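# Coordinate analysis (summary)
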Amino acid sequence: MGDPARPEKHRSSTGGSSAAPLHAEGVLGGTADPGTSTIPATGPGVEPAGFEETTQALAPAVGPWADSLGRAGSRAAQTLLVAAVVVGLVWILLRIKVVVIAAMVALILASAVGPVVKWLERKGWSNLLATLTAFLGILLLLGGVITGIVLTVRSQWGTLTSQASEGWNELRRLLESTPLPVDTASIDAALRRATDFVTSGSFAGSALSGLSAAASFVTGLVLMIVILFFFLKDGEKMWNFALRWFRGERRAKLAESVDRGAQVLGGYVRGTAFVALVDAVLIGAFLLVFGVPLAVPLAVLVFVTAFIPVIGATIAGVVAALVALVTNGPLIALAVVAWIIVVNQIEGNVLQPIIMGRTLSLHALMVLLALTVGTLVGGIFGAILAVPYTAVAWAVIQVWSNRYQVGHDPVLGPDPVNPQDRVESKATMAERWKYQRMRYQQVLGGRFGSTERDAARQDDDPQDEGQAGDGDQPVDGPGTGSAAGARKP
C-alpha cells in the first residue's frame, strides 16, 4: 500500500517568510516548525480551514466601546445599574421597616445574650432550658428598665420640659446682658425649627410615629421577641445550614464574618449598657448632692441617651444644665456643665477603652456620618443601631479584602490603623484553626457530604479524617458532611 499523498509545503508567493501562516497555526492550536510546517491541501479559490476565525482573532479590536471613552461609558453604565439595584433594595427595605428593625434589634440582643446561652450549655444545661432562661432573663431586664423609665419620667415629664424651657429663657437673658455678639434671634429660630421637627413625629420615625400606629408598634415588638427566641435557640443551626452551601475559602470567610459581627454587636451592647449605667449614676448623684430638682428623671435621660453615640451625653447634659440654671442659679448650672464634661472625659478615656476595648474600631468622623445617616433613615432606632452595624460592615470588609498594606511605608509613613484594630487580631486560636480547617478541608482528607448517598458511603470509609475514638464513626466538623445518623440506601 503506497504512502498517502503528502501535502505540499507552503511557500510564500513572494519568496519571503511564512511567518503569517505559522502564526495562524499557533492561533488555531497547531504546532509550527519552520522546516516542516505544512497546511492542508486546498483547491483553487478555496480558503484553508479556520482561515476566517484566524483573521478575526488577529485583527485589531475596533468598535465604539474599544477606546478610552467607550470604556468609561461602559463603566458609567455599570455604575448606574448597580446604583439602581441598591436604590431598589433600600426602597424595599423601607417598605418593610417594621420587619427590618425587629430583625436588627433581635440580632443585636441575641449577640449580647448568646454567650450566656453557651455558658449555660457548657454547665450541662439543655439547649432549650438555657435558651428559655436567657430569653426570659433579657425580657424581664428590658421590661423592668423600660417600665421604670416610663413611670419615672412620665410623672415629671411636664415639669422637666417646662424647667428646660425656662432655663433656656434665663440663659438667653444672661447672654443679652453681656457684651458678647450673640444672635439670640437666630438661635430661637433654630430651636423653634428643631422643636417643630421633634414634635412632628419625623424625628421619632422608628419608635412610634415611624410605625404609623400603635398596632404596628406592637406587631414589631412581638416579631422582635419571636425572632430573638429563635436566634438564641437555633442560631447555630441556621448558620450551619447556610454555610453548607459554600466551600473552602468562601465558607471560611463567611464563618469569620459572622463571628466578628457577633463579637462587635455583643460587645457594643454590653459595654454601652454598662457605660450608660455608670454615667447615669455619676450625674444623678451629683444632681442630688447639689439639690437640683428632677435628678432621677435627668439620670434616666442620661442613661437612655448614652446609647446614642457622641451626641447623646451632650443632649442630656444640656437639659440638666438648663434645669439647674432656672432652679439653682448660674453657678450650680456651670458646676453641672463642668461635672458632665468630667464624666464624658472619664467615659471616653477610661470606661470605653477598658470595658468596650476596641470593639468599634471606627474613626470619629465615620461615627458621626453613620449617626447622621441612621437618624435620617430610621429615626431614633436608626441613631441607636447605625454605629454598631457600621462597625460590623467595616469588620466584614476587612475579612473579605486583603489588599490593605499594613505596617510602615517609606513614602506614606506610619500605618494609620492600629494593629489591635485589625480583624485578624480579634480571632481566638480556636477560631483561626476552625477557619483553616474550612479552607483546607478537602486537601486534608475531609469530605463534603452533598447527598445522603455520599454520607452513607462515608460511613463505610474508616480512613476519614476526624474519626471518633473507637475508629468506627467519622465525626466531621460543621459542613464536612458528617455521616452520623445517615440512612443507607
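Residue numbering note: each chain is counted from 1, following its sequence as written. At least 70 in pLDDT is required for a residue's local features to be given in this predicted model, at least 80 for side-chain atom pairs to be given and counted, and no such filter applies to totals for whole chains, interfaces and linings, which use all residues. Values reported for side chains reflect all heavy atoms of the structure, with hydrogen atoms and water molecules removed beforehand.

With that out of the way, let us pick up the overall build of the chain. Counting its regular elements, the chain contains 14 helices and 0 strands. Strands here are runs of E lasting at least two residues and helices are runs of H or I lasting at least four, both read from the DSSP assignment and numbered beginning at the N terminus. The order of α-helices and β-strands along the chain, N terminus first, is α-α-α-α-α-α-α-α-α-α-α-α-α-α. Each residue gets one of three labels from its accessible area relative to the maximum for its type: buried under 20%, exposed over 50%, partly exposed in between, using a 1.4 Å probe on protein chains only. Each of the 489 residues in the chain was classed as buried or not, and the buried ones make up 31%. The contact rule is simple, with two residues in contact once any of their heavy atoms fall within 4.5 Å. Sequence separation of 24 or more characterises 66% of the internal contacts of the chain that already satisfy a separation of 6 or more. Working definition of accessibility: Shrake-Rupley area with a 1.4 Å probe, residue cover restricted to the visible protein chains. For the chain, the exposed area adds up to about 30300 Å²; of that, 67% sits on carbon and sulfur atoms.

Counting residues in hydrophobic clusters, the biggest one holds 29 residues, and the most contacted among them are V105, I108, L109, M224, L228 and L232. Put simply, the parts of the chain that give this core at least two residues each are α4 (97-122), α5 (127-176), α7 (214-243), α8 (248-289) and α12 (364-400). Ranked by the residues each element gives to this core, the list is headed by α4, at 11 residues. What M224 contacts, discounting residues up to four positions off in sequence, is A102, V105, A106 and L109. In this description, a nonpolar core means a group of buried Ala, Val, Leu, Ile, Met, Phe, Trp, Tyr and Cys residues linked to one another through side-chain atoms lying within 4.5 Å. Ranked by size, the runner-up nonpolar core spans 22 residues in total, among them I283, V292, A316 and I340.

Another point: the confidence of the model for the chain. Along the chain, pLDDT gives the predictor's confidence residue by residue, from 0 to 100. Overall, the predicted model of the chain reaches an average pLDDT of 74, with 64% of residues at or above 70. Here residues 197-211 scores under 50 on pLDDT; set against residues more than four positions off or in separate chains, the count is 29 contacts.

Another point: the packing of α4 against α8. The interhelical angle for the contact between α4 and α8, taken along N-to-C directions, is 85°, at an axis separation of 8 Å. If you check the angle between α4 and α8, you find them roughly perpendicular. Side by side, α4 and α8 meet where L107, I108, S111, A112 and P115 of the first sit next to A262, L265, G266, V269 and R270 of the second. Considered class by class, the residues forming the contact of α4 with α8 number 7 nonpolar, 2 polar and 1 charged. Only the stretch in contact is used when fitting a helix axis, every axis being a line fitted to C-alpha atoms; angles between N-to-C directions are given from 0 to 180 degrees. Any angle that falls under 35 degrees is termed roughly parallel, while one over 145 is termed roughly antiparallel, one within 65 to 115 roughly perpendicular, and all others oblique. Here the nonpolar group is Ala, Val, Leu, Ile, Met, Phe, Trp, Tyr, Cys and Pro; Asp, Glu, Lys and Arg are the charged ones; every other residue, Gly included, is treated as polar.

Let us look at helix α9 (residues 295-305). When you tally the buried positions in α9, you get 8 out of 11 residues, the bulk of the element. Every buried residue of α9 is listed here: A295, P297, L298, A299, V300, V302, F303 and T305.

For the rest of this paragraph, the subject is a nonpolar patch on the surface. The grouping of L81, V85, L89, W91, I92, L93, I96 and V99 at the surface amounts to a nonpolar patch, some 770 Å² of accessible area in total. At 6 residues, the largest contribution of residues to the nonpolar patch is made by helix α3 (residues 68-95). Position of I96 among the secondary structure elements: in the loop between α3 and α4. Residue classification places I96 among the partly exposed residues on the basis of a relative accessible area of 40%. For patch building, the residue pool is restricted to those with more than 30% relative accessible area and no salt bridge; the joining distance is 9 Å between like charges and 5 Å between nonpolar side chains (Val, Leu, Ile, Met, Phe, Trp, Tyr). For salt bridges, the criterion is a side-chain nitrogen of Lys or Arg within 4 Å of an Asp or Glu carboxyl oxygen.

On to the pattern of salt bridges. Within this structure, the stated rule accounts for 7 salt bridges. Salt-bridge contacts for K118 lead to E236; the nearest nitrogen and oxygen are separated by 3.8 Å. Of this pair, K118 sits in helix α4 while E236 sits in helix α7, placing them 118 residues apart in sequence. On the accessibility criterion, K118 (43% relative accessible area) is partly exposed. Linked through salt bridges whose partners overlap, the residues forming this network are E249, K253 and R439.

This brings us to the packing of α8 against helix α11 (residues 330-356). When two helices pack together, their arrangement is captured by the angle between the axes and the distance separating the axes. Between α8 and α11, the least distance of the axes is 10 Å, while the angle of their chain directions is 155°. Between α8 and α11, the crossing angle belongs to the class labelled roughly antiparallel. Once α8 is placed against α11, the crossing between them reads as right-handed. Seen from α8, the contacting residues are G267, Y268, G271, T272, F274, V275, V278, D279, L282, I283, F286 and L287; seen from α11, they are A335, V336, W339, I340, V343, E347, L351, Q352, I355 and M356. Within the contact of α8 with α11, the residues separate by chemical class into 16 nonpolar, 4 polar and 2 charged. Crossing handedness follows the turn of the near helix against the far one: under a right angle anticlockwise gives a left-handed crossing, and clockwise gives a right-handed one.

Summarising the element assignment, T305 is placed in helix α9. What makes T305 buried here is its relative accessible area of 9%. Within the structure, the side chain of T305 is placed 2.8 Å from the backbone oxygen of L301, a separation counted as a polar contact. Nitrogen and oxygen atoms within 3.5 Å of one another constitute a polar contact, given that in protein one can donate a hydrogen and the other can accept it, and given that sequence-neighbouring residues count only through two side-chain atoms. Separated by 3.3 Å, the side chain of T305 and the backbone oxygen of V302 make a polar contact. Apart from the residues lying within four places of it in its own chain, the contact partners of T305 are G312, A313 and A316.

By this rule the span expected of a helix is its residue count minus one, scaled by 1.5 Å. The first and last C-alpha atoms of α12 sit only 23 Å apart over 37 residues, clearly below the 54 Å expected at 1.5 Å per residue. Two axes enter the bend calculation: one fitted to the seven residues ending at the residue in question, the other to the seven starting there, and the bend is the angle between them. Maximum bend of α12: about 150°, positioned at G378.

So, about the packing of aromatic side chains. Aromatic rings considered in pairs are described by the distance between their centres and by the relative angle of their planes. Under the pairing criterion, centres of Phe, Tyr and Trp rings, with the six-membered ring standing for Trp, must be within 6.5 Å; the plane angle then separates stacked pairs below 30 degrees from edge-to-face pairs above 60, leaving the rest tilted. Counted according to the given criterion, the structure contains 6 aromatic pairs. Their ring planes at 75° and their centres at 5.4 Å tell us that F135 and F229 sit as a pair that is edge-to-face. Here F229 lies in helix α7 and F135 lies in helix α5, a separation of 94 residues in the sequence. You can call F135 buried: its relative accessible area is 9%. Residue classification places F229 among the buried residues on the basis of a relative accessible area of 18%. For the pair F286 and F290, a centre-to-centre distance of 4.4 Å together with 35° between the ring planes defines the contact as tilted.

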